[in-house]
Amino acid sequence: MKFLSAVFAAILVLIAPLSHADMGPDELVRVTSDKVLEAIKQNREQLKSDPKLVYKIVDELVLPHFDFEAMSKLVLGANWRRATPAQQAEFTREFRTLLVRTYAKSLAEYDEQGIRYLPMRPEADPNEATVRTEIQPKAGPSIPVDYRLRKSGTSWKVFDVSIDAVSLVTNYRTTFAQDVQRIGMDGLIKQLQRRNAGDAA
């Protein structure tokens, strides 16, 4: 549960919609975090008591800042290229829902952790960036969080998040590769559908 809590705390800084398309990745993270953390603080009780509202809020606010198709390609690897267009589209939908449900369920664990922003490092590709932060809980050591972003048109979108040196994409890639080998692509999609339906109940 510690990992899920850290994941949600990390995602909080990127889930508010912004109109500033020309913002750099680090500025986007910083400005958005201030708005979202304040909103969470003000609506904590309502969010805890109404799970369906949690799903709706996260679904609406996460999507603009994450490139779920890019993430789906990365987590499936070679299996993405072997999948049919219909399988690719269905997997992307279910994977997006899985992540949204994960963030929403972790909301109850969020305890107003502080966020420290670390200096940016230059990237070989100017269209990619890593924003490094640290989640600072009320007790215990800080948790390093790295956001991997890629420029899409005039805006930046997240395609991976690393929590305490554990990549979200790499973590799912290992699991999904084993699942595809065991039950096939259609089996993986049905497995995600069942899991998401259970979470929505």
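What you see is a predicted model; the values in this text were computed from it and never measured.

Undergrad: Outline the overall build of the protein chain, supporting the account with residue identities and numerical values.
TA: Along its length, the protein chain carries 8 helices and 5 strands. The helix and strand sequence of the protein chain, counted from the amino end, reads α-α-α-α-α-α-α-β-β-β-β-β-α. A total of 201 residues make up the protein chain; the buried ones form 45% of that total. Counting contacts in the protein chain only where the partners sit at least 6 residues apart, residues at least 24 apart contribute 58% of the total. Of the roughly 10,400 Å² that the protein chain leaves accessible, carbon and sulfur atoms contribute 50%.

Undergrad: I'd like a rundown of the side chain of Asn196, residues and numbers included.
TA: Structurally, the position occupied by Asn196 is in helix H8 (residues 168-200). Excluding residues within four positions of it along the chain, Asn196 makes contact with Glu94, Thr97, Leu98 and Arg101.

Undergrad: Can you break down the pattern of salt bridges residue by residue, with the values?
TA: In the structure shown here, the tally under the stated rule is 7 salt bridges. Ionic pairing is found between Glu69 and Lys73, a salt bridge with its closest N-O pair at 3.7 Å. Of this pair, Glu69 and Lys73 both sit in helix H5 (residues 68-76), separated by 4 residues, roughly a single helical turn. Classification of Glu69 by relative accessible area gives partly exposed; the value is 42%. Close ionic contact of Glu134 with Arg116 constitutes a salt bridge, the shortest N to O distance being 3.2 Å. Remark: Arg116 occurs in strand E1 (residues 114-117) and Glu134 occurs in strand E2 (residues 128-136); sequence separation between them is 18 residues.

Undergrad: Can you explain the sheet that holds strand E5 (residues 166-167)? Please cite residues and give values.
TA: Taking strand neighbours across the sheet as the criterion, the 5 strands line up as E1-E2-E3-E4-E5 in an open arrangement whose pairing is antiparallel. The open sheet has two edge strands with one neighbour each: E1 and E5.

About the criteria used
- Residues numbered from 1 in each chain as written.
- Predicted model: local features only at pLDDT ≥ 70, side-chain atom pairs only at ≥ 80, totals over all residues.
- Heavy atoms only, no water.
- Helix = DSSP H or I, 4+ residues; strand = E, 2+ residues; numbered from the N terminus.
- Buried < 20%, exposed > 50% of the residue type's maximum accessible area, 1.4 Å probe, protein only.
- Contact = heavy atoms within 4.5 Å.
- Areas by Shrake-Rupley, 256 points an atom, 1.4 Å probe, with all protein chains shown as cover.
- Salt bridge = Lys/Arg side-chain N within 4 Å of Asp/Glu carboxyl O.
- Pairing = 2+ DSSP bridges.

Read these as geometric descriptors, not functional statements.
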